[in-house]
Amino acid sequence: MLSGLRQHGNFPLPARADMNDVLAALARAAGWTVHPDGTTFRASSQPLHPPTPQSPGIFHVNSVETPSFTSVLNSYAIGTPLDSQASMLQTDDSLSPSSLDSVVVADQSIRNEKYGNSDSVSSLNCLENHQLTRASAALAGDYTRTPYIPVYASLPMGIINSHCQLIDPEGIRAELMHLKSLNVDGVIVDCWWGIVEAWIPHKYEWSGYRDLFGIIKEFKLKVQVVLSFHGSGETGSGGVSLPKWVMEIAQENQDVFFTDREGRRNMECLSWGIDKERVLRGRTGIEAYFDFMRSFHMEFRNLTEEGLISAIEIGLGVSGELKYPSCPERMGWRYPGIGEFQCYDRYMQKNLRQAALSRGHLFWARGPDNAGYYNSRPHETGFFCDGGDYDSYYGRFFLNWYSGILIDHVDQVLSLATLAFDGVETVVKIPSIYWWYRTASHAAELTAGFYNPTNRDGYSPVFRMLKKHSVILKFVCYGPEFTIQENNEAFADPEGLTWQVMNAAWDHGLSISVESALPCLDGEMYSQILDTAKPRHDPDRHHVSFFAYRQLPSFLLQRDVCFSELGNFVKCMHGEATQIVEG
């Protein structure tokens, strides 16, 4: 309801609106006066008599932002108890919400009981039921003449082996041929640090990627490169670890890895605590990343100048996303666990001690001891429960420090990326941590590094830093599909999180791109992504810069299932198709 009112109505709802805010907004739109304490009364002492609609009971409203929408609300809200107003209006579920016009349908039983069957109101533009339905259907899902949004499809893992050799070039050509037939704009290629600088520091091997880019160039597709400074997290064949020489260093110094409260190490990426510590054979973590970026640019500068490489995504954490590895399945985490803070290596603890000393409270130089475990729920902990320590003086200090380390890592890496790539578009990906979003603490976001409880906007500080470096924000669109019951149990709200993130990013002047969290297998999922990428009723006409189709299995395994849907989806993204066919 909240996302619908924000998207399709002119309601100034706060970012964390509750049902009281919704009812107050509806009452104001209906002409009532609502005081800050919630007191509600009619603005005029003169009784207003509602008009009696004609038999079909359907009214055509030119725009939800025009006075006629207020007229409809006035017609049915005045003289009605505030808690029952929401049920007196319903939208026709058979009509698409992306229609350029909106339809308000009066509830048939309420209409007959209260108003009977009288002449239609001349002040409203009334249409016959079948006429309006037909007009709306013609507009529903019409994406012609909408902005052109490029579509990129990821190439599967394992096409480059651990010796940086291209595997099965003919199979790659066949896959690219199918993508080309769908008019996909380009492909996404992961360049793994653990493959390119695998054996010896400063020795970079790019031969497999050079061969791959040559084949992609044959098909005149563009390339978005992901510089992956993490491991793939997979233990089976085809998995990629950090460079072998880094793992050798870690045998003697495991504090180069993120560490949880129990002392368990996450070996998928390096701790941000060594960003400025010379523990990598004389280099800091930041310097190792910079050398890798500079080597890539020197090797493929001609391809960026030719336009083959259109953007470079900088990996900033586990899975390439900007976040702490707070929810590792290898440690036993399962959805919807809150995760754990990852700040117990000695370098992060040293930084925390310095921050506590500068604040004058040395006893704050510790992580919280009541934050639960990976699979805890917020209400089971003293730190994340309602009124918990997360909102105490110590809790605010710790969370500011913890999220500040994340922001500082962004600043350091992107400052050097600007030097390395000299004008090439750079991309940063942030996760979609939507479980426990409808709780006060937002526990899962806090452990991941985003200080975003209900009383604080935790994304704006990050986005200010991203804007400083003029990067494109890539947002992961939703996650695994869970049942409504499971989402309710986890107080999840993917739509609410998406609304907050995208609007905060646009408010800071950032360009946004969207990546699918799962392969799309039906028209309903494509329609959902299109609604996110091209908001129909945004008064500022925002839309995303590009869409990344992140495939988990090989595209060739999927194409027989969703080939036609994907082709039509690409046309809609390009502003060429009239509708998405739901499977």
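Residues numbered from 1 in each chain as written. Predicted model: local features only at pLDDT ≥ 70, side-chain atom pairs only at ≥ 80, totals over all residues. Heavy atoms only, no water.

1. Some points on the overall build of the protein chain
Summing up its helical and strand segments, the protein chain has 18 helices and 15 strands in all. By the burial criterion, 54% of the 583 residues in the protein chain qualify as buried. In the protein chain, the proportion of contacts linking residues at least 24 apart, taken out of those at least 6 apart, comes to 75%. Total accessible area computed for the protein chain in this model is approximately 25,800 Å², and 50% of it derives from carbon and sulfur atoms. (Helix = DSSP H or I, 4+ residues; strand = E, 2+ residues; numbered from the N terminus. Buried < 20%, exposed > 50% of the residue type's maximum accessible area, 1.4 Å probe, protein only. Contact = heavy atoms within 4.5 Å. Areas by Shrake-Rupley, 256 points an atom, 1.4 Å probe, with all protein chains shown as cover.)

2. Some thoughts on the state of the cysteines
Evaluated as defined, the whole model comprises 0 disulfides. Looking at Cys191, it has no disulfide partner, and the nearest cysteine sulfur is the one in Cys164, 8.0 Å off. (Disulfide = S-S within 2.5 Å.)

3. Considerations on the environment of Ile274
Relative to the elements of secondary structure, Ile274 occurs in the loop between strand E10 (265–270) and helix H10 (285–306). Judged by its relative accessible area of 0%, Ile274 is buried. Setting aside anything within four residues of it in sequence, one finds Ile274 in contact with Asp255, Val256, Val279, Leu280, Thr284, Gly285 and Tyr347.

4. With respect to the packing of aromatic side chains
Counting across every chain of the model gives 38 aromatic pairs. Where Phe296 meets Phe421, the ring centres are 6.4 Å apart and the plane angle is 80°; that geometry is what we call edge-to-face. One end of the pair, Phe296, is in helix H10; the other, Phe421, is in helix H12 (residues 393–421), and 125 residues separate them in sequence. Residue Phe421 is classed as buried on the basis of its relative accessible area, which comes to 1%. (Phe/Tyr/Trp six-rings, centres within 6.5 Å; stacked < 30°, edge-to-face > 60°.)

5. So, helix H16 (residues 494–507)
The terminal C-alpha atoms of H16, which comprises 14 residues, lie 20 Å apart, in line with the 20 Å expected from a rise of 1.5 Å per residue. Looking at H16, one finds that the buried residues are Gly496, Leu497, Thr498, Gln500, Val501, Met502, Ala504, Ala505 and Trp506. Where H16 ends, the next residue or the one after it, Gly509, has phi of about 75°, a positive value. (Expected span 1.5 Å × (residues − 1).)

6. Examining the side chain of Thr426
Checked against the element boundaries, Thr426 lands in strand E12 (residues 426–430). Among residues more than four places away in sequence, those in contact with Thr426 are Ile312, Phe421, Val471 and Ile472.

7. Notes on the side chain of Ser376
Along the polypeptide, Ser376 turns up in the loop between helix H11 (346–359) and H12. A polar contact of 2.8 Å, which involves the side chain of Ser376, links it to the backbone nitrogen of Tyr373. Dropping the residues within four chain positions of it, Ser376 is found in contact with Gly337, Ile338 and Thr381. (Polar contact = N/O pair within 3.5 Å; in protein donor to acceptor, adjacent residues only side chain to side chain.)

8. Let's talk about the nonpolar core
Of all hydrophobic cores here, the largest spans 144 residues; its most connected members are Tyr209, Phe213, Ile216, Leu227, Phe296, Ile314 and Phe463. Sort the elements by how many residues they give to this core and H12 lands first, with 15 residues. Look past the residues within four positions of Leu227 in its chain and what remains in contact with it is Cys191, Phe292, Met293, Phe296, Ile312, Glu313, Ile314, Gly315 and Phe421. Grouped together as the second largest cluster of nonpolar side chains are 8 residues, Val226, Ala311, Ile472 and Ala548 included. (Core = buried A, V, L, I, M, F, W, Y, C linked by side-chain atoms within 4.5 Å.)

9. Comments concerning the environment of Ile215
With respect to the secondary-structure elements, Ile215 resides in helix H8 (residues 207–218). Discounting chain neighbours no more than four positions away, the residues touching Ile215 are Leu166, Pro169, Ile172, Arg173 and Leu176.

10. Describing the UniProt feature "active site" (unreviewed entry) in the protein chain
Following the UniProt record, one finds the feature "active site" (unreviewed entry) at Glu321 and Glu515. These annotated residues cover 195 residues of sequence, but their C-alpha atoms sit close together, with the largest distance between any two at 11.7 Å. Within the element layout of this structure, Glu321 appears in the loop between strand E11 (309–314) and H11. Not counting residues up to four positions away in its chain, the partners in contact with Glu321 are Leu316, Lys429, Pro431 and Val476. Taking the relative accessible area as the measure of exposure, Glu515 reaches 4% and is therefore buried. When residues no more than four places from it in sequence are discounted, the contact partners of Glu515 are Lys429, Lys474, Phe475, Val476, Cys477, Phe547, Ala548 and Arg550. Looking at Glu515, its side chain comes within polar contact range of the side chain of Lys429, at 3.3 Å. (UniProt positions renumbered as here; feature names shortened; annotations may be inferred.)

11. Let's talk about the packing of H12 against helix H14 (residues 460–468)
Direction vectors running N to C along H12 and H14 enclose 5°, while the axes themselves pass 10 Å from each other. Taken as axis vectors, H12 and H14 run roughly parallel relative to one another. Contacts between H12 and H14 involve Leu406, Ile407, Val410, Asp411 and Leu414 on the former and, on the latter, Pro461, Val462, Met465, Leu466 and Lys468. Split by residue class, the contact of H12 with H14 holds 8 nonpolar, no polar and 2 charged. (Axes fitted to C-alpha atoms, helices over the stretch in contact; angles between N-to-C directions. Parallel < 35°, antiparallel > 145°, perpendicular 65-115°, else oblique. Nonpolar A, V, L, I, M, F, W, Y, C, P; charged D, E, K, R; others polar.)

12. Considerations on the pattern of salt bridges
Side chains that carry opposite charge are capable of pairing whenever their charged atoms lie near each other. Per the stated rule, a full pass over the model turns up 21 salt bridges. In this structure, Arg265 engages Asp255 in a salt bridge whose closest nitrogen and oxygen atoms are separated by 2.9 Å. Taken as a pair, Arg265 in strand E10 and Asp255 in the loop between helix H9 (244–252) and strand E9 (257–259) lie far apart in primary sequence, 10 residues in all. Residue class for Arg265 comes out partly exposed when judged on its relative accessible area of 22%. (Salt bridge = Lys/Arg side-chain N within 4 Å of Asp/Glu carboxyl O.)

13. Re unusual backbone geometry
At the junction of Tyr335 and Pro336, the peptide bond is cis and its omega measures out at 5° in the coordinates. By the secondary structure assignment, Pro336 is in the loop between E11 and H11. One non-glycine residue, His202, lies in the positive phi region at around 75°. Residue position: His202 is located in the loop between helix H7 (193–196) and H8. In this structure, Phe491 is a non-glycine residue whose phi angle is positive, near 50°. With respect to the helices, strands and loops of the structure, Phe491 is situated in the loop between helix H15 (484–489) and H16.

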